[in-house]
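Residue strings, one per chain:
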Amino acid sequence: LQSNDWLFDANDDRVAVLGLYTRGIRILSLDGNLIDEFTFEGPEIVDNPIAFNVALGPDNRLFVLDGALRRVQRFSPDGVLAAAWGERGVGPAQMEAPEQIEADGEGNVYLLDVDLWRVQKFSPDGTLLNLWDLTRTVQCGAYLHGSLTIARGNRPAVLDRTFFPGRVTIFAAAGGVESTWLLPEEENLELYDMVSDGAGFLMTSYRPLGIQRFSEA
């Protein structure tokens, strides 16, 4: 791997590595062998490469989120562009500041919009399937600092790090909030990211440096 590569996502079969400035994707096997590589369409000048994010579906279809252009591109396992969608706005299926994309076990994708404080679920072809709004923990106009993961049963869950000690919101797959809980008020606990392990959540932390595990309740 090179210094400007970013490891974004993996499934049970392969790993997707995105070149931040080259707009290139390399697909690797779990033991590191190159399976395929290709480029995707993006802006000529990348002012904020972190605006890119990728998700691998269970069928090895790859989704590339371009946060600057408010667009999702879907590629076949061999790198052929199969679909693209997205437009700026505040209405359903629109985006203002999409920052993270995740795929569930059925190949649908979820977008976390940190300006609109919401999660949207799309089919692989870009049809809006559901929308969940987060309760803002700061004044209107402030961005959400958080992380999205998909819990068992295809339920989106969001770690909100906008305030201390932080909050986790788990949404019901059919819509609405299933549960919300605050993180423990431990001094100097600084969490960064969250993933679901099927039974609970693993969260990476700056302080202490390591991984914390939390159950859903």
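Look above for the structure.
Computed from a predicted model, the values in this text were never measured in an experiment.

Student: Where do I start with the environment of L28 in this structure?
Tutor: Tracing the sequence through the fold places L28 in strand β3 (residues 24-29). Assessed through its relative accessible area of 14%, L28 is described here as buried. Placed 13 residues apart in sequence, L28 and V15 show a C-alpha to C-alpha distance of 5.1 Å.

Student: I'm lost on the sheet that holds strand β14 (residues 155-160) in this one. Help?
Tutor: Strand pairing within a sheet occurs via backbone hydrogen bonds; the two strands may be parallel or antiparallel. Read across the open sheet, the four strands follow the order β13-β14-β15-β16; overall the sheet is antiparallel. Pairing within the sheet leaves two strands with one partner each, and these edge strands are β13 (146-151) and β16 (177-182). Neighbouring strand axes in the sheet, compared pairwise and without regard to direction, differ in orientation by 15° on average. Where strand β15 (residues 167-171) lies against β16, five bridges are found, and the strand directions are antiparallel. In the sheet register, I170 faces β16, and the bridge partner there is S179.

Student: It is not clear to me how the side chain of R14 should be interpreted in this structure. Could you clarify?
Tutor: Structurally, R14 is set in strand β2 (residues 14-19). Given the relative accessible area of 11%, R14 is considered buried. The residues contacting R14, other than those within four sequence positions of it, are I27, L28, L30, I35, L56, N60 and P77.

Student: Before we go on, may I ask you to explain the sheet that holds strand β8 (residues 81-85) in this structure?
Tutor: With antiparallel pairing, the four strands of this open sheet are ordered in space as β5-β6-β7-β8. Strand pairing shows two members of the sheet lacking a second neighbour, β5 (52-56) and β8, which therefore form its edges. This sheet shows a mean twist of 20° between the axes of neighbouring strands, independent of strand direction.

Student: For this particular structure, what's the right way to read the environment of V138?
Tutor: Mapped onto the elements of the fold, V138 is located in the loop between β12 (128-133) and β13. Note: C-alpha distance between V138 and T162 (24 residues apart in sequence) is 7.4 Å.

Parameters and conventions
Residues numbered from 1 in each chain as written. Predicted model: local features only at pLDDT ≥ 70, side-chain atom pairs only at ≥ 80, totals over all residues. Heavy atoms only, no water. Helix = DSSP H or I, 4+ residues; strand = E, 2+ residues; numbered from the N terminus. Buried < 20%, exposed > 50% of the residue type's maximum accessible area, 1.4 Å probe, protein only. Pairing = 2+ DSSP bridges. Axes fitted to C-alpha atoms, helices over the stretch in contact; angles between N-to-C directions. Contact = heavy atoms within 4.5 Å.

No statement about biological role is implied by the geometric values presented.
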